[in-house]
Amino acid sequence: MVYPRGSRAAAPGGSEPAAVSLRFGKVSRKVALRFSLLELPRAQGTGSQGLYMVNGPPSFTESAAFQRDSGKNCKAVAFSKDGSLFAWCNGEKVKVVNVTRAELLHSFDLPKTVCLEFSPKNNVLATWQAYATAKDGTAGVPNLQLHDLRTGKCLKSFVQKKMQNWCPCWADDESICARNVNNEVHFFENNNFNTIANKLHLQKVSDFVLSPGAQPTKVAVYVPGSKGAPAFVRLYQYPNFGGPQSALANKSFFKADKVTMLWNKKATALLVVASTEVDKSGASYYGEQTLHYLAASGESAVVQLPKNGPIYDVAWSPNSVEFCAVYGFMPAKATVFNLKCDPVFDFGTGPRNAVYYSPHGHILVLAGFGNLRGQMEVWDVKNYKLISKPVASDSTFLAWCPDGEHIVTATCAPRLRVSNGYKVWHYTGSVLHSHQVPSDEEMWQVSWQPFLDGVFPERAVKYRAVPSELPGAEPRPAQAYRPPALRNKPATSSKLHEDEPPQNMKPQLGGGDKPLNKTALKNQRKHEAKKAAKQEAKADAHQGPAQVKTAQNALQNTVPAVTTGDPEVDKKIKNLKKKLKAIEQLKEQAAAGKQLEKNQVEKIQKEAALLKELEDLELGV
């Protein structure tokens with residue numbers, strides 16, 4: 001899945017397509033919003049749409065800034081972080097264009113490229129081809145190339161056998177670049193790939209992530225567990241790698257076959273989703289997941305999730321002080337947590353498995369894609385107010401536009417090979433544009449053109465749906481199946497699950513009490529239900545046994561426990577009271593009509609003797 005990257009565009013030159021007009025101080029200019037679309041024919045033949053760009057809201061016309069490539073093998077595309085450059089491979093060459101000036105910059109003879117990535121400052125283009133050995137079994141040629149985009153020359157080539165984590169990681173200012181090589185992390189400085197400037201060597205580093213933002217750069221590394229030892233994640237500040245004492249933070253845990261590490265935008269904290277391939281308890285088909293929190297200041301914690309089940313998605317808010325998790329067996333819960341890992345707002349339960357913050361962080365989308373129906377909930381995060389509930393059926397992809405106003409949903413191959421297409425929505429629920437791919441073609445990818453932060457200002461949240469020329473996308477609800485024998489009878493409502501409503505978990509103003517968490521609330525409800533049931537049972541019970549029992553209970557509750565000073569005698573008294581209490585319970589069961597066993601009847605017959613023995617022991621005090 002490709003996520004939108006908030007970024008800014010260089011000043012456009014020449015003719016511009018329809019665009020959104022923005023104002024910067026006293027200067028007004030136009031910034032074009034564009035898509036890149038990748039459509040391929042399902043069967044070999046004519047009619048391929050290939051790769052092309054579409055202008056974003058409000059025009060949705062094909063962009064003149066990019067000449068359509070109708071090749072049938074366009075399967076790798078990438079925008080630069082600021083959106084000014086675009087690269088793709090059409091099965092013959094890798095081409096790089098300047099989207100703003102509609103100018104071809106470079107063409108590389110790399111027909112088998114399947115992955116592309118720009119460095120943050122557009123100085124380097126990384127390309128990856130599938131690794132292959134020679135026919136005689138000798139080692140293959142280097143398949144990871146790093147190209148200088150100023151000169152077009154290849155800076156360095158590496159052997160990278162696995163597609164997973166193929167791309168080197170750069171710091172945002174490109175002062176550092178890192179690769180995982182043979183379970184250790186190699187660092188290069190200032191794009192000089194001929195000299196390894198630093199190494200981070202632990203037992204077996206499986207994965208690492210560089211922090212975003214300004215220097216100093218922080219590094220999060222993951223080492224899997226082995227031979228009974230736990231797995232762990234450590235945070236370091238580059239280049240201080242001098243053993244465990246130099247680590248900024250450390251978190252160890254069991255039950256981890258793989259992890260996903262997520263830095264917040266300010267690089268002050270890291271979330272780690274640890275997961276196993278198999279849930280040994282058999283409770284989940286998806287394995288078992290846990291969520292951990294590490295702060296660069298040294299704190300670490302396990303994020304307590306009130307509902308059991310898989311963790312579907314976790315996302316940081318762009319403000320870096322909150323994060324949202326979607327978790328639990330369906331219907332799944334979604335909760336916003338603060339940096340203390342305390343719940344701030346609970347969205348209740350619903351059919352969702354993904355969460356998406358807008359680029360400005362003021363709007364949040366909860367969605368249920370994949371094997372769910374495509375229901376979405378759009379929330380105003382500042383006021384925790386529901387804005388809209390659109391439905392994007394059969395969608396496999398969602399991405400926010402960098403302007404924070406629009407969303408694209410798409411049905412793409414190979415996840416789904418039928419009904420491919422995309423829709424552009426306003427977050428208030430209106431469909432502004434819809435495109436359906438012909439039945440003999442497939443759409444492989446949809447991407448927004450990125451812009452750097454600050455180009456699109458945050459706008460006030462709207463609650464009323466914006467006007468649209470397209471009809472609403474709300475599908476007619478499907479009728480539940482009813483057996484023939486029940487079809488002419490009144491419908492009875494039944495639910496497999498009771499939906500939990502949204503709940504604000506923040507302390508209320510003017511109240512000094514801390515709000516109860518979900519577990520405490522659940523226990524409180526249980527206690528109140530038991531108390532109400534007891535009161536109802538007392539009111540309905542027979543007067544005679546109830547009065548005797550009430551008097552005995554009152555006596556037990558009001559009379560303080562008396563001790564004899566002899567531990568053996570006190571023990572006998574305690575055991576006799578236990579037996580008498582059990583007899584009272586048996587008598588209640590018999591009064592309710594339950595058939596007692598022979599030994600239970602014999603116990604009741606011994607009540608008088610036990611009472612006499614208890615009286616003698618207590619009188620001897």
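Above this text you will find the structure in question.
These numbers come from a predicted model, not from an experiment.

Enquirer: Describe the overall build of the protein, listing the residues and the values that go with them.
Expert: When helices and strands are counted, the protein shows 5 helices and 38 strands. A buried classification covers 43% of the 621 residues belonging to the protein. In the structure as shown, the protein presents an accessible area of about 34300 Å², 52% of it carried by carbon and sulfur atoms.

Enquirer: Can you tell me about helix α3 (residues 567–591), naming the residues and giving the values?
Expert: With 25 residues, α3 ought to run about 36 Å at 1.5 Å a step, and its terminal C-alpha atoms sit 37 Å apart, in line with that. Among the residues of α3, those classed as buried are I573, L576, L580, I583, E584 and L586. Positive backbone phi, approximately 100 degrees, marks G593, located one or two places after α3.

Enquirer: Account for the nonpolar core, with residues named and values stated.
Expert: By size, the foremost hydrophobic cluster in this structure holds 18 residues, and its most contacted members are F187, L200, V219 and V221. Those elements that provide at least two residues to this core are β14 (176–181), β15 (184–189), β17 (207–210), β18 (218–223) and β19 (231–237). Looking at this core element by element, the count peaks at 3 residues for β18.

Enquirer: Tell me about the sheet that holds β18, and name the residues and values.
Expert: As summarised here, the arrangement of the 4 strands in space is β17-β18-β19-β20, forming an open sheet in which the pairing is antiparallel. Two strands in the sheet have a free side with no partner beyond their single neighbour: β17 and β20 (249–253). Strand after strand, the sheet turns through a mean of 15 degrees between neighbouring axes, direction not considered. In this structure, β17 lies alongside β18, joined through 4 bridges in antiparallel fashion. The partner of D207 across the bridge, within β18, is Y222.

Enquirer: Tell me about the sheet that holds strand β36 (residues 431–436), and name the residues and values.
Expert: With antiparallel pairing, the 4 strands of this open sheet are ordered in space as β33-β34-β35-β36. Two strands lie at the open edges of the sheet, namely β33 (397–400) and β36, each paired on one side alone. Each strand of the sheet is rotated relative to its neighbour by a mean of 15 degrees, with strand direction disregarded. Pairing of strand β35 (residues 421–426) with β36, which is carried by 5 bridges, proceeds in the antiparallel orientation. Bridge pairing in β36 places W425 opposite V431.

Enquirer: Tell me about the packing of aromatic side chains, and name the residues and values.
Expert: Under the defined criterion, the tally for this structure stands at 18 aromatic pairs. Look at F188 and F193: their rings are 5.4 Å apart centre to centre, the planes differ by 55 degrees, and that puts the pair in the tilted class. Accessibility classification places F188 together with F193 in one group, the buried group. Of the aromatic side chains, those joined through ring pairs into one cluster are F66, F79, F86 and W88. Here R179 stacks its cationic end above the ring of F158, 4.2 Å away from the centre of that ring. Here R234 stacks its cationic end above the ring of F232, 4.2 Å away from the centre of that ring.

Enquirer: Hey, could you go over unusual backbone geometry for me, with residue numbers and the actual values?
Expert: Trans peptide bonds make up most of the peptide bonds, and negative phi angles are found at most residues other than glycine. A cis amide bond, omega 0 degrees, links Q215 with the succeeding residue P216. Mapped onto the elements, P216 comes out in the loop between β17 and β18. Note the cis peptide between M330 and P331, where omega equals 0 degrees. One non-glycine residue with positive phi stands out, namely N182, at about 50 degrees. Mapped onto the elements of the fold, N182 is located in the loop between β14 and β15. Look at N182 and you get exposed, because its relative accessible area is 71%.

Enquirer: Describe the environment of L452, and please don't skip the residues or the numbers.
Expert: Its location among the elements puts L452 in the loop between β37 (441–448) and β38 (503–504). Overall, the relative accessible area of 23% leaves L452 in the partly exposed class.

Enquirer: Quick rundown of the environment of R373? Include the residues and the values.
Expert: As for its placement among the helices and strands, R373 is situated in the loop between β30 (363–367) and β31 (376–380). With 21 residues separating them in the primary sequence, R373 and D394 have C-alpha atoms 6.5 Å apart. Setting aside residues no more than four positions away along its own chain, R373 makes contact with G368, V391, A392, S393 and D394.

Enquirer: Hey, could you go over the packing of α3 against helix α4 (residues 598–605) for me, with residue numbers and the actual values?
Expert: Relative to each other, α3 and α4 sit at 120 degrees, their axes nearing to 9 Å. Taken together, the axes of α3 and α4 lie oblique to each other. The two elements α3 and α4 cross, and the hand of that crossing is left-handed. Residues I583, L586 and K587 of α3 pack against Q600, K603 and I604 of α4. Each residue belonging to the contact of α3 with α4 can be placed in one class, and the counts come to 3 nonpolar, 1 polar and 2 charged.

Enquirer: I'd love a proper account of the pairing of strand β28 (residues 343–350), names of residues and values included.
Expert: Counting buried positions along β28 gives 7 out of 8 residues, so the element sits mostly inside the fold. Of the pairings in the sheet, the one linking strand β27 (residues 332–338) to β28 comprises 5 bridges and is antiparallel in character. Note that in β28 the partner of A332 across the bridge is G350. The turn joining β27 and β28, which pair antiparallel and follow one another in sequence, is formed by 4 residues; a positive phi near 65 degrees is taken by C341. Of the strand pairs in this sheet, β28 and β38 are connected by 2 bridges, and their pairing is antiparallel. Within the sheet, the bridge partner assigned to D346 lies in β38 and is Q503.

Enquirer: Before we move on, can you summarise the pattern of salt bridges with the specific residues and values?
Expert: Applying the stated criterion to the full structure yields 12 salt bridges. When the shortest N-O distance is used, the salt bridge between E458 and K382 registers 2.9 Å. Taken as a pair, E458 in the loop between β37 and β38 and K382 in the loop between β31 and β32 (385–388) lie far apart in primary sequence, 76 residues in all. One network of salt bridges, with partners in common, ties together E584, K587 and E607.

Conventions we followed
Residues numbered from 1 in each chain as written. Predicted model: local features only at pLDDT ≥ 70, side-chain atom pairs only at ≥ 80, totals over all residues. Heavy atoms only, no water. Helix = DSSP H or I, 4+ residues; strand = E, 2+ residues; numbered from the N terminus. Buried < 20%, exposed > 50% of the residue type's maximum accessible area, 1.4 Å probe, protein only. Areas by Shrake-Rupley, 256 points an atom, 1.4 Å probe, with all protein chains shown as cover. Expected span 1.5 Å × (residues − 1). Core = buried A, V, L, I, M, F, W, Y, C linked by side-chain atoms within 4.5 Å. Pairing = 2+ DSSP bridges. Axes fitted to C-alpha atoms, helices over the stretch in contact; angles between N-to-C directions. Phe/Tyr/Trp six-rings, centres within 6.5 Å; stacked < 30°, edge-to-face > 60°. Lys NZ or Arg CZ within 6 Å of the ring centre and 35° of its normal. Contact = heavy atoms within 4.5 Å. Parallel < 35°, antiparallel > 145°, perpendicular 65-115°, else oblique. Left-handed = near helix turned anticlockwise from the far one by under 90°. Nonpolar A, V, L, I, M, F, W, Y, C, P; charged D, E, K, R; others polar. Salt bridge = Lys/Arg side-chain N within 4 Å of Asp/Glu carboxyl O.

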